[in-house]
Amino acid sequence: MGSLRVAGLAWAAAASPEWGVRRRCCRGAPLVLPCASAASLGAGQLRVGTEHGWLWDCRGGGARDYAREMEVAVRVVQVACTLCQRVQDSLLRPGPDAASGGGRVHAKLDRSPVTVADWGVQATVSWLLSSSFHDENISIVAEEDDETLSSSDGATLLESVVEAVNGCLVEAPNYGLRSPEKELGAHDVIQAIRKCSSTGGPKGRFWVLDPVDGTLGFVRGDQYAIALALIEDGEVILGVLGCPNYPMKKEWLNYHQKYYRLMSKVAPPPLGSWHKGCVMYAQKGCGQAWMQPLVHDFGKLNWHHPREIQVSSISDPISATFCEPVEKANSSHSFTAGLAQSVGLRNQPLRVYSMVKYAAIARGDAEIFMKFARAGYKEKIWDHAAGVVIIQEAGGVVTDAGGRPLDFSRGVYLEGLDRGIIACSRALLHRRIIDAVDASWNSSTL
């Protein structure tokens, strides 16, 4: 038996004529890589196949084996990122796609925007999960319903969703997933969306999906995320975040994505460089979180170059950066500004759409995320589940404002939430924010 070192971790390898590398590392590690033979392996010779998977294994830390679930979840989110990037391109460069309905933006009852990508991702993820697990008790909690698409006025829009879904599913083998034997019809897509109607709860296993978190950022060409998590008996077990516009240089997070695109045209990044876009993933109890580039940008599953991500080591509030939502509708900027001042934060807040805020803390690009909803607003589990476990496994802390863990066992809402949500890179910063909330809350208007 020989050994192979990839991404800083030891891999145990056994030779076989075709697919020979199986991982026996006791720590959570990126992936197992299929190869021609162990004897011929080199860092530049690793090949990813579509018929054989990798093994996620952190059982050495006492965690259960969720290799199959992690493999499928990461690949499915990669497919979803591709669909979103195509739809966003049609929104930003109006043309035939927009004219045919692909670029339309619709409003839900709460006036929040929804697009072809929201429905398309939900249908695609639903179909792929059901296919990958052979429909074995697949339960999914997700944000969208089919009411608009099924209405008498939704035929053209539904056509665009069906086209987007089939355009990605036909390429599923490129991601190591199965394609449907024939294209899905309108009925199939509607049924896939309807299948995501679980209401969660304290018992059993279910997937939680936010097909496009931060749709407002998405339609504006800015940051957004695809969030998929697995919850078992009320505990978040796996979290996967697709962040297609996330820049690898954190300085660019301070700018609208349109400036990044403009500068990338003026001074293009080196060919083949990983300059933006990633999928982050983690399993509860592994003590590690990982990030890999997008298939859409690299043209293949680049399993052999993941990066381990960790929260920032900054514990001094003067040097810390805090994130908050861009929209003022469901978060109080004035209250968070007061808290920031009281704990000694001096940097300007980083206002970012979507769960990219969680990604920023997990990757060490920011230290604090604070959200205090206005009266009447209820947090949904799909807006937080994936991000919470990724931050925790990257070394951070996430609780409500009372210091209690977020409760994902009570349906689609985070019921019992104490005032707000606080995520921090370090326990010391977290404690200071909690204390500041307690000191300021009675004088607030929330």
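Residues numbered from 1 in each chain as written. Predicted model: local features only at pLDDT ≥ 70, side-chain atom pairs only at ≥ 80, totals over all residues. Heavy atoms only, no water.

On to the UniProt feature "binding site: Mg(2+)" (unreviewed entry) in the chain. According to UniProt, the feature "binding site: Mg(2+)" (unreviewed entry) maps to Glu-143, Asp-210, Asp-213 and Asp-383 in the numbering used here. Over a stretch of 241 residues, the named residues converge on one spot in the fold, their C-alpha atoms separated by at most 9.4 Å. Residue placement: Glu-143 occurs in the loop between β5 (140-142) and α4 (147-150). Within the secondary structure, Asp-213 is located in strand β6 (residues 205-213). If near-sequence neighbours (up to four positions away) are discounted, Asp-213 is found in contact with Tyr-224, Ala-225, Ser-354, Met-355 and Asp-383. (UniProt positions renumbered as here; feature names shortened; annotations may be inferred. Helix = DSSP H or I, 4+ residues; strand = E, 2+ residues; numbered from the N terminus. Contact = heavy atoms within 4.5 Å.)

Take the pairing of strand β8 (residues 235-247) next. The element β8 is largely enclosed, with a buried count of twelve among its 13 residues. Between strand β7 (residues 225-232) and β8, which pair antiparallel one after the other, the connecting turn spans two residues, and Asp-233 there sits at a positive phi close to 50°. Sheet topology places β8 next to strand β9 (residues 276-283); seven bridges connect them, and they run antiparallel. Following the sheet pairing, Leu-241 is matched in β9 by Met-280. (Buried < 20%, exposed > 50% of the residue type's maximum accessible area, 1.4 Å probe, protein only. Pairing = 2+ DSSP bridges.)

Okay, the packing of aromatic side chains next. Evaluated as defined, the whole model comprises four aromatic pairs. On the numbers, 5.0 Å between centres and 85° between planes, the contact of Phe-335 with Phe-372 is edge-to-face. Residue Phe-335 is located in helix α10 (residues 333-343), and its partner Phe-372 is located in the loop between β14 (368-371) and α12 (385-393); the two are separated by 37 residues in the primary sequence. Considered together, Phe-335 and Phe-372 belong to a single accessibility category, that of buried residues. (Phe/Tyr/Trp six-rings, centres within 6.5 Å; stacked < 30°, edge-to-face > 60°.)

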